[in-house]
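# Topology and contacts: notes
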Amino acid sequence: MIRDALQHLPKTLDDTYSRGFLAIDEAYREDAKAALLWLAFAKRPLQLRELAEATVIHPRSERPFDPAERFPDPQNILEILSSLVSVNDIEHTSTSYRWDPSGISTVPGIPSGSVTVTLAHY
């Protein structure tokens, strides 16, 4: 089984991202796309709460921002993006965290304002 799994790994980083993006529930793909665009073009690393807020802004819509679309918890954006992003503690920049898809936060007790989110790869 391990050999079979290794043979079916994505061949390139683009393939890895495609697989990761396609693994996102279809209902959240637009949010994921918006979040990834914000991360790709931000002039500085975005704080978790900034990314969660920016993701629900739709500049081309009739109502660009609807407070009802906010995430109940900024860490919900990490559930959507899964392994496509890295989360870094501002106070301990040498510490990197990854979101665990099992639902257990690997950023325990760290307020959403003290972590930044970046793309997992350049």
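Scroll up to find the structure this text is about.
Read on for an overview of the structure. (Residues numbered from 1 in each chain as written. Predicted model: local features only at pLDDT ≥ 70, side-chain atom pairs only at ≥ 80, totals over all residues. Heavy atoms only, no water.)

It is worth spelling out the overall build of the protein at this point. Across its full length, the protein carries five helices and four strands. Put simply, the protein runs from its N terminus to its C terminus through helices and strands in the order α-α-α-β-α-α-β-β-β. Counting contacts in the protein only where the partners sit at least 6 residues apart, residues at least 24 apart contribute 54% of the total. With an accessible surface of roughly 8,500 Å², the protein has 56% of that area assigned to carbon and sulfur atoms. (Helix = DSSP H or I, 4+ residues; strand = E, 2+ residues; numbered from the N terminus. Contact = heavy atoms within 4.5 Å. Areas by Shrake-Rupley, 256 points an atom, 1.4 Å probe, with all protein chains shown as cover.)

Here the focus is the pairing of strand β4 (residues 115-119). Consecutive side chains along a regular strand alternate between the two faces of the sheet. With two bridges joining them, strand β1 (residues 46-47) and β4 adopt antiparallel strand pairing. Counted as the bridge partner of Gln47 is Thr116 from β4. As defined by bridge partners, strand β2 (residues 85-89) adjoins β4 across five bridges and the pair is classed as antiparallel. When the sheet's bridge partners are listed, Val85 is paired in β4 with Leu119. (Pairing = 2+ DSSP bridges.)

For helix α4 (residues 48-55), the full list of buried residues reads Leu48, Leu51, Ala52, Ala54 and Thr55. Each buried residue of α4 sits inside an arc of 165° when the element is viewed along its axis, so together they form one side. Buried positions along α4 lie against α3 (29-41), β1, α5 (76-81) and β4. (Buried < 20%, exposed > 50% of the residue type's maximum accessible area, 1.4 Å probe, protein only. Arc of directions from axis to C-beta.)

This part covers the environment of Ile77. Within the secondary structure layout, Ile77 lies in helix α5. Measuring from C-alpha to C-alpha, the distance between Ile77 and Thr55 comes to 8.5 Å, with 22 residues separating the pair along the chain.

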